[in-house]
Every structure is written in C-alpha cells, then in structure tokens.
Amino acid sequence: MAFIKKKERSKERFSLLLLDLEEYYFEQHTAYNVTRSSTTQPRKVRGSLKICSKSVIFEPEPLSEPILKIPLRDCQKIEGVEENDRNPFNDMLVGVSIACRQVYYIKEGNVVAPYRIERGDSNFFFQLEIPRKTEDVIQMLLQLHRASCLDKLGDQTAMIAAILQSRLARTSFDKNSFQSVSEKLHMECEAEMVSPLVTNPGHVCITDQNLYFQPLNGHPEPVVQISLRSVRRIYKRRHGLRPLGLEVFCSENDLCSDIYLKFYNTKDRDELYYYIATFLENHMAEHTAESYMLQWQRGHISNYQYLLHLNNLADRSCNDLSQYPVFPWVIADYTSAELDFRNPASFRDLSKPVGALNPERLERLLARYRDMPEPKFMYGSHYSSPGYVLFYLVRVAPEYMLCLQNGRYDHADRMFNSVAETWKNCLEGATDFKELIPEFYGNDTSFLENSLNLNLGKRQGGRTVGDVALPPWASDATDFLQKSQKALESQFVSQHLHEWIDLVFGYKQRGSEAIAAHNVFHPVTYEGSIDCDSIEDPDQKIAVLTQILEFGQTPKQLFTTPHPQRITPRFQSMTRTPSQNTSFNELSPASVSEDSSFEDLTEESRRLAWSNMGKLKLVASHKLHKEAITGIAVTRNGASVFTTSQDSTLKMFSKESGSLQRSMSFSNMALSSCLILPEDATVVCSSWDNNVYFYSIAYGRRQDTIMGHDDAVSKMCWRDNQLYTASWDSTVKVWRCVPADIMNKRSQFQLLAELEHDAGVNTIVLNHAGTLLASGTKEGVVSMWNTGSFVLLQQVPCHSGKVHDLAFSPDSRHVLSAGEDSCLRVLDVQTGMVLSTVATEEPQRCFCWDGDTVLSGTVSGELLVWDLMAGKVTHRIPAHTGPLTAMWMNEQCSSIITGGEDKQVIFWKTQF
C-alpha cells in the first residue's frame, strides 16, 4: 500500500504507531530493565527507554521480550533510586523507579497482535547506561506526568505543547548534516513531519541545494534530505482544515510523496513553498484541475489517473488518513457468476452519493433531516475517514489499526470480511456510507489476503477471519482487481464519472445543489466551516480538532460549475462511406484513452484506417506558399492548419471557410518545421536562421524566441513542457519551456541537455510515451537516446546519405528510417540491429507508419503504401507534381495532410 511501501520498514520494532494519537516522542536512552525475585539474582534486559509525552516505552533488545508501554496518567510514583537508598533490589543501583496501575505488553513473541493490558499495581526499575542522565530523565518524566494528570484535556495539550516548543527552541538544525560545505542556508524553522496517524516534531532547513528535516528525537533517521533538483511537484496542504501543510514529490507517482511537513504557522509554510517553487522555475505552471479535466475529457489520461490527480489537487494525501484519496464504488453486482460489462445494472448509479442509492434508507434519512434543527446534515458519518481506510487495509497495516483503536482490532464480524457484504452494508446500513480507496483499482492484492497470518478473531459461527471473500465472478484477488480496473475504465463509467465528480469535488459538494442531490454531511467536515484558531476554549478546540481528524474531511472543492462529460468514442458502421461534405473537424486527434476499452476502440479504428490506406480520397488542395512546404500542424479541435515553408512564412488556414486566414514572417530565411503546443494557444516554428519562434495564436504575433543554435534548426518535437530542437550544428538541444500565458509575461526557457552528434542533425522523433528520442544525421547515422537521463542508447550507421525521416513503432520496440540512399530500414531499439532493409525506387522524403504498413511520400510526388514485411508497394496514389516534403496524420489515422515542393497542401481521407 502506498503509505506503507513508501519507505522500507525500520528494523527496530518500535515505531511512532505505538504512541497514542496526538502524542510526541521526545528522546530515548539506552537502559536496562532490572527485575528480580526473592530467590534469584537480578535479571537485566538491555534496551531503549523512550520518553514520550503521554507514556514511557521500553523496547528490549531480545526479540522474544515484549515492548512495555507505561501510560504516565497511570503512574503512582516516579522517583530516582540512589546508591545509598534502601531499595528493594539491594544492588546499590542508580536508576528510575516507576510504580503504576496499568502496563501494555506489545509484540509479545515479536508478533503483531492486540496489546495485552495488565491492570493492577506494578513496579519497574530502569537503569540508564549513562547514569549521569538519570536526573534529567526523572525531571522530564515528572513534568510530563503532571501534564497527564491535569483534569482538562485542553490544559494537558497546552502544557505538552509548551514543553515541546521549549525543547525545539533550545535546539537547532545541525549544520554538520549539510551534504556540502558550499551550501548556502536560506531558512530554518520548526515543523512536524507527517505520516499516517502520527506527527514527528523537528527542524526544517532549506539551502540552495537541499531540503532537510531533522527530527527532534532522531527517529526514524537522524536527518531526512531531499535534493531540490530531484523535486518534481510541491503542494500546499490543509492539515486539520488549517493551511499548514506542504507535500513534496520527487517522482510522478501521485500516491507516494517523499515528505509531508506540517508547520506551526502559515507564514513559514508559504516561505518554504515559494522558495522551492522559485528554484523549480516552472513549478507555477503546475497543472490545474481544469487542465487535467481537458486531458481526461479528450482521453489522454485514464479515469484512474484523473481521479488521482483530482484527489491530489483537493488536498487528499496518503500521509493523512483523514484525507486519504477517495475513489467510487463503480460495480453494483457482487453476486453473479459472471460480470456483464454490457449491462448497466452491473454498475453503481454515479449520480448519487452512497447514502442515496437505497430509496428506502434515503427516505428514513430525509425524514430525520427534515426534523433536525440547524445546522442540518443528512449523514452522521462520512464517506472517507481513517477508520474506513484502515477497515480496508487492516491486513497490510495492522499496526495502524491497533494505533487507531488503542491496541485492539475491531470485532471480527465488523471487519472487512467480504466485498459483497461490505457493499450490502453500504446500501443498507444506518450509518455506513463509505466509498472506496485507490487500492481497489491498483495491482497489489495484499490488502485482500491475510498473508501476514494475523489473528483477526473469529466471526459468529466460529469462522476465522482470513482472506477477504471475493465475488463469484472473481477467480482470485488478481482477477478481482483486474475486473475492477476494467469496470473503472469502462464505457459506462467513462460516460458517468463526471456525475460522481460533481458530488465529491464539484458543484454538488455544498450549498443548495448538495441539498438537492442528498449530499449533505456534517458541517465540521467542510473546508472553511470552522476557524479552529478562533476557538478560545481549549477543551472545545481539542474536541473539534479530534472530530475533524477522526470523522473525515470533505475534499477541497475544485469545480463550481457542472463537470463536462467525457468525450467517449462510439462504434460506427464499418461499411459507411464518408459523405462528400465531411467536416474537417474530424482532422483533430482522436480521443485516445489509456484504459483498455478506449484503447480497443482506438486500435480498431486505426487498424480499419490502415487496412484502407490504399483508398485515400483527395478532399481538397490549396496552394498556400511560394516555396516548398516544410511543416504541417493542426489544432486539436481540427479548426485550423498551420504550415511552414522555405518562403519564410507561417500560414494559418481555416478548414471551416476553406480560406487562408493569416500569413506571418519572422525572418527572411526558410522555416523548417512547426508544431502546436497542447493548449492550442501557441505555434512553435524552427528556422534556418538558427532560431526557434513562438507565435501566439490569440494575439497574432511573435511571443518569444529561442536563439539556441549555431546553424539552421531542422526539426522539433514537444513533450511535457520539453522542447527538443535538432540542428545542422550537430546537436539536439532539450529545453524546459513554460510558454507565456499573457503577452506581457516572458516565457521561461532552460537548457536541460545538449546531445552531441558527429554531423548535422536532419530529423528527430519521440516515441509515443516520450521516453525515447531518435535522431538522424546528414551522414546517415541514427541515434537513440533516453529522454530521462539523456544517455545515448544506440548509434547505428544506417544510410549512405542523409536521414530524411524517422518514426517509432507504436510499441516503441522498433525505429523505421528513410534515407537519401533510397532505403527504408527497421532498427531494433534495444540492440541497435538493422532487422530489415527495403530498397525503394527513389528516396522517400517523409512517411507515417503503424508498425507494419508505411504510407510514404516520394521525390516524384506519389504517395506509396508499403507492406513492410513483404517489402513491396501495394498502392500508388498520385499526389503532388514534385517531391513530397511534409506529412501529417491524425491519431485515428483517418485524415492525412501532405505538402510538397509544388507549394501545394493536400487534404486526404481514408475510405471505408
């Protein structure tokens, strides 16, 4: 599970989970637990004595010995034993004597199990390995004991907080922990590192190179260090509904962050945030909910990925169980032998909250709601809370459940025993309205299996709690998760997921729309409903904070208007012929989803298009330029086509009106290629004048310029805010680019890498995932690069003349190259071997490839369809009156645009 596997478990048996909720661990001392009977010599067990704000914990070194936890509120006497004292041990020892009424025995036999509580008078004697520290330990214990015995919880909390702040003030970050002596300190402050159910106080320090956290107690490690260069994303977080949190991610994994910090004031949090953001330079262009929405709506990210992004933006974190990522129940059938994805009855109604799915229960809840005084709420429990998260994860996170429930598991009949029973209770239970967690749509089955052999009790009837009982349609836990994933990414859920988003993250979350949707929870769960800092009564403040942390929290509201539905593909007749008046809006890229059902549809569409590639129909032809066409780019909505030419102009052509709308010139030299950035706001053009130009479509003028090369820029690629520019100066340069969003704001460009070649680079291409880059030079060498590390993977002398064009196969295993030597060659990416060579009658200047079939443009102006395995041309299509120089194809492979030296731009459609 995300928060368990983020870091390897500590080898020591002690963890902060042995503390009570909201308890602090201050310090530890090597000590001996000394016991004796009247007939034997004293028995001394070496271990670690840990001083905590509400308890004393002794962790013995022998694994067979249990961990002792002595609550300070149950201590009757804490005193030091001196050498000249008359003590019951008669060994003239120096140490600490504790008399108590209750003690917890934990991990007996080194087994995770409910704590054994021994009530009655007990005496313990601990001898410190460093005797001179005994007096300080005793004074600390007496002070904490006085705090724990105060009548009011608010007074206890205030006194412990004062002790903590005093200890933090007397210490500071140890600068000897810096990774380099050249580091420059920016700021230092106090904070707490947050992990599920616990917080650990210490000192935060940030330099010009690293972010550090040094725990006050040195646990679980003396210092946590994060290189600022490794940071990918940072998020401000709410913690207890207060703006005090900061979470740092060093990978693209939305479930696992590298550190979560809670500050004591918002000012420190914000200063640290903006310092890191400034260091990252482009962090302020972090994706918004709206940008993710557009990606999801168009099918560029899956339902699972989109929900993770929304949870992240709404302050949900795996480090905070009161705000754990929330996912919907999507399957409603847990009784059938087969799960029918074509039957809508197999799916949950996503337009309703869980509490409104059962009409009979809903009516009872509404009757109570109508008679309730203000503030009214329909549901007395939430759909996500620490208890619900650990209900699902108890088999992999037993120590978390024991921490939450004071050393006990829940009653065996109330545990997560069966998926079907849990769903039934969510439909019928009077107080059960819980949703799911991401693990139900992941690949790790461990939360469904009792692989740790935990003794979770016996149910009524004597059945032992073991693995979770799965629905009849699941053959095993792996099959259950796979079918759950398939359901989440199904056509039905894709068409209705926006309705659930409206309830949880959107406009039906609160207000009149929430009331109408029967989606009203307790007021304390909503952001902004309570200002904890304004509550003067300490006991009331503690009660509210406890309720917030334990009851659950509603996500931050991300959308205030109805969420649009996903654009889902539809099956169309395989025999239907497009009409003569087919709209060129179909030229826009297809909505391609990463989920299986969408992928199947898209792949079927592509296969159909490629099988009919020889039936290309010329739809329109326009002479737009005065010289050869060098680049073609199309907006995502298919409304506009941009072309570049050796005549030094960028042209904008409207397909709706069939007319030229704009003509732009940036220099008096040829433009070599163009591309449109993902938001359709900016066109990027490369030029023979060594520059790259950014043109704002909205403002109709040049926005920025990169003067980055010493010779002509020949080709460009774009992926994830990174621009790859190839040049005849023998380099490919990689730029981190954040385009300007308004004209008076300059874009940000950072050179990330310079990939050196032995000759001028004529063309480059990225694979579909953006993880690999292939480059081709004027001397015929094809190189393959890892875009994560910018390491050269392969360098293959491939052609006897320049490389005209390159493309990866859809699975990224092969690269196809076309050269001046009239050859097509297929290279193996992993080994660099030339797997196939196809001799052509004349050079192919540009092409598109589906891994098997090639559509290429010749120097004589024909479009050729190749069966690459057979090494032969299957179709010849007359096209241009001179060499084809540029080609564009949409993602469904059904629309093609070509450009040539004859200055023509031709629009084509495949015929089915």
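Before reading on, note that the structure itself is shown above.
Residues numbered from 1 in each chain as written. Predicted model: local features only at pLDDT ≥ 70, side-chain atom pairs only at ≥ 80, totals over all residues. Heavy atoms only, no water.

Some thoughts on the packing of helix 3 (residues 153-169) against helix 14 (residues 538-551)
Where helix 3 meets helix 14, the closest approach of the two axes is 7 Å, and the angle between their N-to-C directions is 85 degrees. One finds that helix 3 runs roughly perpendicular with respect to helix 14. Of the residues in helix 14, those touching helix 3 at L153, G154, D155 and T157 are P538, D539 and I542. Of the residues that constitute the contact of helix 3 with helix 14, the class distribution is three nonpolar, two polar and two charged. (Axes fitted to C-alpha atoms, helices over the stretch in contact; angles between N-to-C directions. Helix = DSSP H or I, 4+ residues; strand = E, 2+ residues; numbered from the N terminus. Parallel < 35°, antiparallel > 145°, perpendicular 65-115°, else oblique. Contact = heavy atoms within 4.5 Å. Nonpolar A, V, L, I, M, F, W, Y, C, P; charged D, E, K, R; others polar.)

A few points about the side chain of T649
Positionally, T649 belongs in strand 18 (residues 649-654). On the basis of relative accessible area, T649 is assigned to the buried category, the value being 12%. At a separation of 3.1 Å, a polar atom in the side chain of T649 contacts the side chain of H625. A distance of 2.6 Å separates polar atoms of two side chains, one belonging to T649 and the other to D647. Excluding its chain neighbours within four sequence positions, the residues that come into contact with T649 are H625, T643, T644, S663, M664, S665 and L671. (Buried < 20%, exposed > 50% of the residue type's maximum accessible area, 1.4 Å probe, protein only. Polar contact = N/O pair within 3.5 Å; in protein donor to acceptor, adjacent residues only side chain to side chain.)

Focus: the sheet that holds strand 32 (residues 803-808)
Across the sheet, which stays open at both edges, the four strands sit in the order 32-33-34-35 with antiparallel pairing between neighbours. Every other strand in the sheet has two partners, leaving strand 32 and strand 35 (834-839) as the edge strands with one partner each. Shown here is a sheet whose adjacent strand axes are inclined to one another by a mean of 15 degrees, direction ignored. As judged from the five bridges shared by strand 34 (residues 823-828) and strand 35, these two strands associate in the antiparallel manner. Residue L824 lies in a different strand from strand 35, and its bridge partner there is V838. (Pairing = 2+ DSSP bridges.)

Thoughts on the environment of K541
Tracing the chain through its elements places K541 in helix 14. Under the relative-accessibility criterion, K541 is labelled partly exposed at 22%. In sequence terms K541 and G154 are 387 residues apart; their C-alpha atoms lie 7.7 Å from each other.

Observations regarding the sheet that holds strand 16 (residues 629-634)
Strand order across the open sheet formed by four strands is 16-17-18-19, with antiparallel pairing between neighbours. Pairing within the sheet leaves two strands with one partner each, and these edge strands are strand 16 and strand 19 (659-665). Averaged over neighbouring strand pairs, the angle between their axes works out to 20 degrees when direction is ignored. Strand direction decides the pairing type here: strand 17 (residues 640-645) and strand 18, joined by five bridges, are antiparallel. From the neighbouring strand, F642 faces strand 18, where its bridge partner is M652.

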